[in-house]
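# Close look at the chain arrangement
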Amino acid sequence: GALVGGSARKGDFSITSNFVYLSMSSESDGRLLSVDGSITGPNGGVNIPVSADITASSETELKGLTWDLLFGYTFYRSGGSFADAFAGVRYFGVELTTTWSLTTEITLPDNTVVLPADGSVGRDVDLWDAVVGVRGEIALGESRWSLPYFADVGAGDADLTWNVMAGASYAFNWGDMLVFYRHLEYDQGPSGPLQGFSFSGPAFGARFRF
């Protein structure tokens with residue numbers, strides 16, 4: 001996974017862009033499966049038996065990409081603390097692919113192939129949503145420590161999307177080191193392929209100021 005973001009500011013106005021990429025995969029090798037069931041024929045009411053003992057290997061891969069462009073205004077500032085309200089747009093694309101390899105294809109008694117020995121299935125989703133939210137940082141007294149935070153909610157191609165981030169930052173002369181936790185969730189409703197779909201986890205990185 002990778003997360004890169006940047007922000008430009010002039011007075012109380014700012015523009016921010018963030019890019020997140022995630023790639024995950026799961027493999028299962030040499031799994032023994034027993035297929036024993038029936039398939040209803042084209043005229044209905046006719047059960048055609050299917051039975052096989054096979055060894056299966058499979059791999060599922062998921063790739064996700066988010067990009068947002070946000071325009072903000074600082075409505076609170078005190079010492080090293082500040083808070084911005086923002087609005088913008090977010091793109092989210094996800095690609096899911098599953099491939100399999102069986103020791104034999106599964107066929108009907110008439111040699112019709114029900115499931116080939118090798119194959120794959122996949123689905124792509126591309127979403128554009130408008131988002132609004134708040135972001136900022138809470139300075140901890142005169143120390144080098146601060147608490148950054150970020151939260152937004154939106155809709156568009158998705159019925160609902162929301163995103164939260166919170167963590168801690170330590171300042172150096174060249175910039176900051178950060179550790180934080182982020183959760184991003186999408187829901188397209190009962191008719192969409194993404195229902196309660198989310199990315200979440202911890203991150204560690206650096207922030208440079210120019």
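First things first, this report covers the structure right here in the doc.

Rules of the game
- Residues numbered from 1 in each chain as written.
- Predicted model: local features only at pLDDT ≥ 70, side-chain atom pairs only at ≥ 80, totals over all residues.
- Heavy atoms only, no water.
- Core = buried A, V, L, I, M, F, W, Y, C linked by side-chain atoms within 4.5 Å.
- Buried < 20%, exposed > 50% of the residue type's maximum accessible area, 1.4 Å probe, protein only.
- Helix = DSSP H or I, 4+ residues; strand = E, 2+ residues; numbered from the N terminus.
- Contact = heavy atoms within 4.5 Å.
- Patch = residues over 30% accessible without salt bridge, like charges linked within 9 Å, V, L, I, M, F, W, Y side chains within 5 Å.
- Areas by Shrake-Rupley, 256 points an atom, 1.4 Å probe, with all protein chains shown as cover.
- Salt bridge = Lys/Arg side-chain N within 4 Å of Asp/Glu carboxyl O.
- Lys, Arg positive; Asp, Glu negative; His and termini not counted.
- Charge placed at Lys NZ, Arg CZ, Asp CG, Glu CD.
- 1 Å grid on protein atoms, 1.4 Å probe; cavity = no way out; pocket = protein on both sides within 12 Å on 5 of 7 lines; lining within 4 Å.
- Points joined across faces, edges and corners; volume = space filled by probe spheres on them.
- Nonpolar A, V, L, I, M, F, W, Y, C, P; charged D, E, K, R; others polar.

This brings us to the nonpolar core. Core analysis: the biggest nonpolar cluster contains 10 residues, these being L62, F92, V94, V125, L127, A158, L184, Y186, L194 and F199. Elements represented by at least two residues in this core include exactly β4 (81-102), β7 (118-139) and β10 (175-187). Excluding residues within four positions of it along the chain, L194 makes contact with F92, V94, V125, L127, Y186, D187, Q188 and G189. Among the nonpolar cores identified, the runner-up in size contains seven residues, and L70, F86, L178 and F180 belong to it.

Once that is clear, we can look at a negative patch on the surface. On the surface, E95, D124, D126 and D157 cluster together into a negatively charged patch. Residue placement: E95 occurs in strand β4. On the basis of relative accessible area, E95 is assigned to the partly exposed category, the value being 38%.

A separate point is the layout of surface pockets. In this model, the largest pocket occupies a volume close to 1,300 Å³. In terms of lining residues, the largest pocket is bounded by 41 residues, among which S7, R135, E137, L178 and R207 are the most central. At the level of secondary structure, the elements contributing two or more residues to the lining of the largest pocket comprise β1 (2-10), β2 (13-40), β7, β8 (145-156), β9 (160-171), β10 and β11 (197-208). Here the lining of the largest pocket takes seven residues from β1, the largest share from any one element. Its residues placed into classes, the lining of the largest pocket shows 18 nonpolar, 13 polar and 10 charged. When its volume is computed, the second largest pocket comes out at roughly 310 Å³.

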